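# Architecture at a glance
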Number of protein chains: 2
Amino acid sequence: MSDAGRGASSRRDPSGRRRAIVEAAAGLIAGEGVSGLTHRKVAAAADVPLGSTTYYFTDLADLVQAALEHIAALSRQGLDEMARDLRQATDLAAALAELTTAYLAAPQRHRTQDELYLAASHRPELRPAARLWFDGLTDLLAPRTGHATAQAIAAFIDGVLLHALIHDQPLDTATLTTALSALIGTGDHAPR
Amino acid sequence: MSDAGRGASSRRDPSGRRRAIVEAAAGLIAGEGVSGLTHRKVAAAADVPLGSTTYYFTDLADLVQAALEHIAALSRQGLDEMARDLRQATDLAAALAELTTAYLAAPQRHRTQDELYLAASHRPELRPAARLWFDGLTDLLAPRTGHATAQAIAAFIDGVLLHALIHDQPLDTATLTTALSALIGTGDHAPR
DNA sequence: TTTGTACATGTACAAACGTACACGAAAGGT
DNA sequence: ACCTTTCGTGTACGTTTGTACATGTACAAA
């Protein structure tokens, strides 16, 4: 009854251990923000001893960076799913509106993304990770709308997600569809 | 040579003192984020003794709240200027694009606003202050575009400002104008 | 002048923090 | 069997933190 269940990965598993810590940190960021992160809280959440967090990461800043990059990787992953859904959609505006509404239902997701945006605005080394979502979304849309329009749409969607952070009632699908089809209408529709 | 220059307001000026502290805190938030705030840093920035910050504010949370509400008040003030410029504009899209570009030049402004958004998403009591900017912008546009379109435009602008936080090259005025006029085109143009 | 009240501040303290590091345990080569 | 290297952890230390509070100071009323 001494070495009871350690959370994510048992001992002697370097990479798995590291990942467990990163995931716990990411979860903690979703819950109480980057500023709430401490070595001790992360260690407790990952169910590893305090020493582990300093063993795998030179710094707390290093840990935070790893956690935020993990979050960025998750958003990239969400982007891939988005790409699949969008590829077989005839009505781009409606499909995008639908997907955005789906995203609105998961506030933690864009709260952490926003946390990443803010952290990156202070620390330039985080910018590549922070750009992953926006640029990925842009690249995904650009073939069908042209680059400039794709950027505008991405900005609009990010704005909508931001809006949802502080309003009980997010923008409804109808409004989204109207706005998105208006934006899409401006595209050249033939990239080059 | 004992009581040399105190920063914002000399002693025995309760409301002025409080304001000096709040302003120093707001400046500090712009510089290093809400998480960087400590009683000591604020006191040093406002050039007041440590005791003052605990005298005027029961809590550090209380101080943060006051600072964020000050920031919200500033954004409201910027909104009033915006309203003046917009009232006498014939081409709404172009005028809005121009104003947005002007805002892009002052990153600190929307960085703090974003800081407020994020803080409000964690602490509901900050939501009214956080909504000031978005809802104010919406109310400002609604008479000319209808409510739904106004919301869409506000979301778009917030998204553009967010984008600028992590990209060296913000969206250019031409792109903004195109997108904005497309969005405006969807409005009923006669609010009931 | 005395007294009362609001304003103001320096200091002190317990808690929480990041981090270093000595030490132990496991694994692999010989 | 032994040794070497990597992996892992508990503990301890110096700092910074939020906050309390005893003490003082200015001003108005009496």
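Criteria and cut-off values
- Residues numbered from 1 in each chain as written.
- Chains lettered and ligands numbered in written order.
- Predicted model: local features only at pLDDT ≥ 70, side-chain atom pairs only at ≥ 80, totals over all residues.
- Heavy atoms only, no water.
- Helix = DSSP H or I, 4+ residues; strand = E, 2+ residues; numbered from the N terminus.
- Buried < 20%, exposed > 50% of the residue type's maximum accessible area, 1.4 Å probe, protein only.
- Contact = heavy atoms within 4.5 Å.
- Areas by Shrake-Rupley, 256 points an atom, 1.4 Å probe, with all protein chains shown as cover.
- Lys, Arg positive; Asp, Glu negative; His and termini not counted.
- Charge placed at Lys NZ, Arg CZ, Asp CG, Glu CD.
- Phe/Tyr/Trp six-rings, centres within 6.5 Å; stacked < 30°, edge-to-face > 60°.
- Axes fitted to C-alpha atoms, helices over the stretch in contact; angles between N-to-C directions.
- Parallel < 35°, antiparallel > 145°, perpendicular 65-115°, else oblique.
- Left-handed = near helix turned anticlockwise from the far one by under 90°.
- Near = heavy atom within 4 Å.
- Polar contact = N/O pair within 3.5 Å; in protein donor to acceptor, adjacent residues only side chain to side chain.
- Nonpolar A, V, L, I, M, F, W, Y, C, P; charged D, E, K, R; others polar.
- Buried area = accessible area lost by both parts, 1.4 Å probe.
- Salt bridge = Lys/Arg side-chain N within 4 Å of Asp/Glu carboxyl O.
- Least-squares fit on C-alpha atoms with pLDDT ≥ 70 in both.
- Expected span 1.5 Å × (residues − 1).

What follows deals with the overall build of chain A. A count of helical and extended segments in chain A gives nine helices and zero strands. Mapped from its N terminus to its C terminus, chain A presents α and β elements in the order α-α-α-α-α-α-α-α-α. Along the three orthogonal principal directions, the C-alpha set of chain A runs to about 65 × 35 × 30 Å. Every one of the 192 residues in chain A was classed for burial, and the buried ones make up 52%. Sequence separation of 24 or more characterises 63% of the internal contacts of chain A that already satisfy a separation of 6 or more. Surface summary for chain A: the accessible area is close to 9100 Å², and the carbon and sulfur share equals 51%. Side chains of chain A give 18 positive and 22 negative charges; the mean places of these two sets differ by 7 Å.

What follows deals with the packing of aromatic side chains. In total, this model carries four aromatic pairs over all chains according to the counting rule given. Where Tyr-55 of chain A meets Tyr-56 of chain A, the ring centres are 5.1 Å apart and the plane angle is 85°; that geometry is what we call edge-to-face. Taken together, a centroid distance of 5.5 Å and an interplanar angle of 40° make the contact between Tyr-103 of chain B and Trp-133 of chain B tilted. One end of the pair, Tyr-103 of chain B, is in helix α5 (residues 92-104); the other, Trp-133 of chain B, is in helix α7 (residues 127-145), and 30 residues separate them in sequence.

Residues and elements named next belong to chain B. As a packed pair, helix α8 (residues 147-166) and helix α9 (residues 173-185) sit with axes 9 Å apart at the nearest point and diverge in direction by 160°. The orientation of α8 relative to α9 falls into the category roughly antiparallel. Crossing geometry of α8 relative to α9 is assigned as right-handed. Where α8 abuts α9, its residues Thr-149, Ala-152, Ile-153, Phe-156 and Val-160 lie against Leu-176, Ala-179, Leu-180, Leu-183 and Ile-184.

Attention shifts here to the protein's contact with DNA strand D. Taken together, 20 residues surround DNA strand D, and among them Arg-17, Pro-49, Ser-52 and Tyr-56 of chain A together with Leu-60 of chain B come closest. The sugar-phosphate portion of DNA strand D accounts for 55% of its atoms within 4 Å of the protein, the bases making up the rest. Contact between DNA strand D and Arg-40 of chain B: a base nitrogen at 2.9 Å from a side-chain N or O atom of the residue. If you list the elements that add at least two residues to the surface near DNA strand D, you get α1 (14-32) and α3 (50-56) of chain A together with α2 (39-46) and α3 (50-56) of chain B. For the surface near DNA strand D, the element with the highest residue contribution is α3 of chain A, accounting for five residues. Classifying every residue of the surface near DNA strand D by side-chain character gives eight nonpolar, five polar and seven charged.

Turning our attention to the interface of chain A and chain B. Taken together, the contact between chain A and chain B spans 39 residues of the former and 39 residues of the latter. Buried area between chain A and chain B, summed over both chains or domains, comes out near 3400 Å², and the portion from carbon and sulfur atoms is 69%. Together, Leu-118, His-122 and Ile-166 of chain A form the three largest contributors to the area buried by chain A at its contact with chain B, with a combined 19%. Taken together, the connections running from chain A to chain B amount to two salt bridges. The salt bridge involving Arg-127 of chain A is made with Asp-168 of chain B; its shortest N-O contact spans 2.9 Å. Summed over the shared surface of chain A and chain B, the number is six residue pairs in polar contact (both at pLDDT 80 or more). Only α1, α6 (107-122), α7 (127-145), α8 (147-166) and α9 (173-185) of chain A provide two or more residues apiece to the side of chain A that touches chain B. The leading source of residues in the side of chain A that touches chain B is α8 of chain A, at twelve residues.

Attention now moves to the relation of the copies chain A and chain B. Relating the two copies of this chain is a rotation about some axis coupled with a shift parallel to it. Of the transformation placing chain A onto chain B, the axial shift is 0.0 Å and the rotation is 180°, giving an RMSD of 0.0 Å. These values place the two chain copies in the arrangement generated by a two-fold rotation axis. The share of interface residues of chain A whose copies in chain B are also at the interface is 100%, consistent with both copies meeting through the same surface.

Residues and elements named next belong to chain A. Positive phi, normally seen in glycine, also occurs at Asp-47, with a value near 60°. By the secondary structure assignment, Asp-47 is in the loop between α2 (39-46) and α3. Among the residues examined, Asp-47 registers a relative accessible area of 30% and is labelled partly exposed.

Compared with an ideal rise of 1.5 Å per residue, which puts 13 residues at 18 Å, α9 of chain B spans 18 Å between its outermost C-alpha atoms and is within 8% of the ideal. Looking only at α9 of chain B, the buried set comprises Thr-175, Leu-176, Ala-179, Leu-180, Ala-182, Leu-183 and Ile-184 of chain B.

Here we come to the packing of helix α4 (residues 60-87) of chain B against helix α6 (residues 107-122) of chain B. Residue and element names in this part refer to chain B. Between α4 and α6, the least distance of the axes is 10 Å, while the angle of their chain directions is 130°. Accordingly, the angle class assigned to the pair α4 and α6 is oblique. For the crossing formed where α4 meets α6, the hand is left-handed. Along its contact with α4, which presents Leu-68, Ile-71, Ala-72, Ser-75 and Gly-78, the element α6 presents Arg-109, Thr-112, Gln-113, Leu-116 and Ala-119. Looking at side-chain class alone, the contact of α4 with α6 contains five nonpolar, four polar and one charged residues.

For α1 of chain A, spanning 19 residues, the distance from its first C-alpha to its last is 27 Å, which sits close to the expected 27 Å at 1.5 Å a residue. Within α1 of chain A, burial applies to Gly-16, Arg-17, Ala-20, Ile-21, Val-22, Ala-24, Ala-25, Ala-26, Leu-28, Ile-29 and Ala-30 of chain A. Summarising the contacts, the buried residues of α1 of chain A are in contact with α2, α3, α4 (60-87) and α6 of chain A together with α6 of chain B. Phi for Gly-33 of chain A, located one or two positions after α1 of chain A, is positive at around 85°.

Just distances and angles here, no functional claims.
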